[in-house]
There are 2 protein chains.
Amino acid sequence: METSMTMTIDHALGRKLERFARLSEEDHRALRRLREAPLREVEPRADLIAEGDEPAVVRLSESGWACRYKHLPNGRRQIVGLFVPGDFCDLNVYILRHLDHSIGAISKVRYYALPPHMIEELVHDRPRIGKALLWNELVQASIQREWLLTLGQRNARERLANLFVEMFHRVRSIGLAGDGKFEFPLTQTDLADTTGMTPVHTNRTIQELRQEGLIDMDRRHLGICDLAALSRLAMFNAGYLHLDREGETLDAAN
Amino acid sequence: METSMTMTIDHALGRKLERFARLSEEDHRALRRLREAPLREVEPRADLIAEGDEPAVVRLSESGWACRYKHLPNGRRQIVGLFVPGDFCDLNVYILRHLDHSIGAISKVRYYALPPHMIEELVHDRPRIGKALLWNELVQASIQREWLLTLGQRNARERLANLFVEMFHRVRSIGLAGDGKFEFPLTQTDLADTTGMTPVHTNRTIQELRQEGLIDMDRRHLGICDLAALSRLAMFNAGYLHLDREGETLDAAN
DNA sequence: CGTTAGATTGAGCGCTATCAATTTTTGTGG
DNA sequence: CCACAAAAATTGATAGCGCTCAATCTAACG
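Just so it is clear, the model here is predicted, and its values are computed rather than measured.

Quick look at the overall build of chain A now. Secondary structure assignment for chain A yields nine helices and 10 strands. A compact globule built from 254 residues should have a C-alpha radius of gyration of about 18 Å, and chain A, at 18 Å, falls within 12% of that. Taken along the three principal axes of its C-alpha coordinates, chain A extends 50 × 45 × 35 Å. The buried share of chain A, reckoned over its 254 residues, is 60%. Once local pairs closer than 6 in sequence are excluded, the contacts in chain A between residues at least 24 apart make up 74%.

What follows is about the domain arrangement of chain A. Residue and element names in this part refer to chain A. According to the domain assignment, chain A consists of domain 1 (2–144) and domain 2 (154–241). Taken residue by residue, the interface counts 23 residues in domain 1 and 21 residues in domain 2. For the domain 1 face of the interface with domain 2, the top three residues by lost area are W65, L82 and I143, together amounting to 29%. One can count four salt bridges joining domain 1 with domain 2. Close ionic contact of R170 with D87 constitutes a salt bridge, the shortest N to O distance being 3.2 Å. Summed over the shared surface of domain 1 and domain 2, the number is nine residue pairs in polar contact (both at pLDDT 80 or more). Where the side of domain 1 that touches domain 2 is concerned, the elements lending two or more residues are helix 1 (2–6), helix 2 (9–18), strand 5 (77–83) and helix 5 (127–153).

For the rest of this paragraph, the subject is the interface of chain A and chain B. At the interface, 45 residues of chain A touch 45 residues of chain B. Interface of chain A and chain B: buried area, both sides summed, is about 4,000 Å²; carbon and sulfur atoms make up 63% of it. On the chain A side of the contact with chain B, R145(A), L148(A) and Q153(A) bury the most area, a combined 19% of that side's loss. Connecting chain A to chain B are four salt bridges. A salt bridge links E146(A) to K70(B); the shortest N-O distance between them is 2.6 Å. One can count 16 residue pairs in polar contact (both at pLDDT 80 or more) joining chain A with chain B. Elements supplying a minimum of two residues to the side of chain A that touches chain B: strand 4 (66–71), strand 5 and helix 5 of chain A.

Turning our attention to unusual backbone geometry. Most peptide bonds adopt trans geometry, and most residues besides glycine take a negative phi value. Residue and element names in this part refer to chain B. Residues other than glycine seldom take positive phi values, yet R45 does so here, at roughly 80°. Within the secondary structure layout, R45 lies in the loop between strand 1 (39–42) and strand 2 (47–49). At R220, a residue that is not glycine, the phi angle is positive and equals roughly 60°. Within the secondary structure, R220 is located in the loop between strand 9 (215–218) and strand 10 (221–224). R220 gets classed as partly exposed once you look at its relative accessible area, which sits at 48%.

On to the relation of the copies chain A and chain B, then. When chain A is fitted onto chain B, the two copies agree to an RMSD of 0.0 Å after a turn of 180° and an axial shift of 0.0 Å. As the rotation angle and translation indicate, the two copies are arranged about a two-fold axis. When the interface residues of chain A are mapped onto chain B, 100% of them are again interface residues, pointing to one common binding face.

Attention now goes to the protein's contact with DNA strand C. The immediate surroundings of DNA strand C are formed by 18 residues, with Q188(A), N203(A), R204(A), Q207(A) and T198(B) found nearest. The share of sugar and phosphate among atoms of DNA strand C within 4 Å of the protein is 67%. Q188(A) has a polar side-chain atom sitting 2.6 Å from a phosphate oxygen of DNA strand C. Residue assignment for the surface near DNA strand C shows that the elements contributing at least two residues are helix 8 (199–211) of chain A together with helix 8 (199–211) of chain B. Considering every element that reaches the surface near DNA strand C, the biggest residue donor is helix 8 of chain A, with five residues.

What follows covers the pattern of salt bridges. Under the definition given, this model contains 40 salt bridges over all chains. Here R145(A) makes a salt bridge to D100(B), at a shortest N to O gap of 3.3 Å. Here R145(A) is found in helix 5, whereas its partner D100(B) is found in the loop between strand 5 (77–83) and strand 6 (102–105) on a different chain. There is no split in this pair, since R145(A) and D100(B) are both buried.

Here we come to the sheet that holds strand 9 (residues 215–218) of chain A. Residues and elements named next belong to chain A. What the three strands build is an open sheet, ordered 8-10-9; its pairing is antiparallel. With partners counted over all chains shown, the strands left at the sheet margins are strand 8 (181–183) and strand 9, one partner each. When strand polarity is set aside, the average angle formed by the axes of neighbouring strands in this sheet is 15°. Pairing of strand 9 with strand 10 (residues 221–224), which is carried by four bridges, proceeds in the antiparallel orientation. Of the residues in strand 10, the one forming a bridge with M217 is L222.

This part takes up helix 9 (residues 227–234) of chain B. Of the residues making up helix 9 of chain B, those classed as buried are A229(B), L230(B), S231(B), L233(B) and A234(B). Trailing helix 9 of chain B by a residue or two, M235(B) shows a phi angle of about 50°, which is positive.

Residue and element names in this part refer to chain A. Looking at the element boundaries, A192 is found in helix 7 (residues 188–195). Since its relative accessible area comes to 0%, A192 is described here as buried. C-alpha separation for the pair A192 and L160, spaced 32 residues apart in sequence, amounts to 9.2 Å. Dropping the residues within four chain positions of it, A192 is found in contact with M197, T198, P199 and T202.

In this section: the side chain of R159(A). Residue and element names in this part refer to chain A. Checked against the element boundaries, R159 lands in helix 6 (residues 156–173). Within the buried core, R159 has no salt-bridge partner, and the shortest N-O distance to an opposite charge, that of E158, equals 7.2 Å. Looking at R159, its side chain comes within polar contact range of the main-chain oxygen of T195, at 2.7 Å. Setting aside residues up to four positions removed in sequence, R159 forms contacts with T150, L151, R154, T195, G196 and M197.

The rules behind the values
Residues numbered from 1 in each chain as written. Chains lettered and ligands numbered in written order. Predicted model: local features only at pLDDT ≥ 70, side-chain atom pairs only at ≥ 80, totals over all residues. Heavy atoms only, no water. Helix = DSSP H or I, 4+ residues; strand = E, 2+ residues; numbered from the N terminus. Rg over C-alpha atoms; globule rule 2.2 N^0.38 Å. Buried < 20%, exposed > 50% of the residue type's maximum accessible area, 1.4 Å probe, protein only. Contact = heavy atoms within 4.5 Å. Domains from an automatic or database assignment. Buried area = accessible area lost by both parts, 1.4 Å probe. Salt bridge = Lys/Arg side-chain N within 4 Å of Asp/Glu carboxyl O. Polar contact = N/O pair within 3.5 Å; in protein donor to acceptor, adjacent residues only side chain to side chain. Least-squares fit on C-alpha atoms with pLDDT ≥ 70 in both. Near = heavy atom within 4 Å. Pairing = 2+ DSSP bridges. Axes fitted to C-alpha atoms, helices over the stretch in contact; angles between N-to-C directions. Lys, Arg positive; Asp, Glu negative; His and termini not counted.

Take a look at the structure:
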């Protein structure tokens, strides 16, 4: 919890990109220079950018959780992506003229508003970073595919279990969940909008998982009590997160 | 139907990319040169590439329909993407070492197996094509987000309606559905795996849409009888397909 | 210590799943 | 061109997972 407040960009982003390519000291210096961009802050529940806006900057999350979401005319909302520190909210989206979705803050979010040219120069000057960024985008796409699998084929318990295990891995990979317990600021309504269920059923399912000793969720914090059992229940397959670095092997917890 | 057989790469891909950037005659020549790559053919139901494989080539569909799908250990299958002629099945995926999903042929598929260097050179030599390709990828990601919205928040009728309208637009954009009727080779089981429903319920829902005069589906062909009503039912918002070209405006059929 | 957002509980319903059979279409060989 | 086999579509009956509505309880906050 307090660790999340000390998380800075070079930690989260650098650590994450290190997963994809070994970066030189010069690469890391270039990444740290991103911190020269203006740092903005949005309150929980506020939007970083709304559907229809013309995206003008690239947002690099520095602290806090955010989500990508879409609305239906009938008011229903679906969260289609989650961002933790070190994630780019819209690395490429600025290329499309109109955003087809919104990005909202879940907890208080601080992010760097990077002018597109800054990214373009970074990619041009430091090709290895460019490759890592592409890699990172491909992993995001992979996560989206797994979410489709979840919404289409997993039941309530499996949906929540899979989300919990995924976020555990993602948060741990930036160094914020070493002990299996971490900040998890989604409300049960947010969870419902993520898993395509109702808040009521989300609540009941969480209670089940809790009573079975799989998780421990309270006050915006999630504890993974039994990772193996939870992963089994979720039919979690670590492959889609592509956590292994190029050239290395990782025995999937699956 | 017979028109689909005469569809060649420069038509489908060129036409599609034209939506994103005005291409020069030289650009089009470069695109046509992609046809020098080996043309492969796979039978319906066969895989172009399976989960776990190391993708070595980029597949550019020339004719036929294919799908991207994932499996759960319990046997359930989710189709997470559809490909029509002119679509790249895996423009960038070859960068990740292991494919986290499979790509299967729905109808007989012919595709160009492009060595990665061919794409890299194309992007390098013809930056405008490179931009159009990036654009194309972003649209694919946008479609995935809409599918998440569908699976999370739309009911059975809305799911099918949205898929039908989307595919109508996509097929029409490559010139294969001018009259509102087009080849649609998904079986009802495929549709079920796409919409996250059972084949039985898919069947019953299709019958409803048929009886209400919205669609006409028979023998691997889909007719859109009432686009306006179908779009309304689906709460279809054309924006996510980004069909409008840079600098132009399109009054969304929505 | 109100005020309010979020979490929890209860009851009843309905959309979609499941199981199982039958009919129709498609494809193939005689 | 017909007969047969296999795939796909269709129908019927029943069950259940998750939704809806509505109330209550709890925690966060000024």
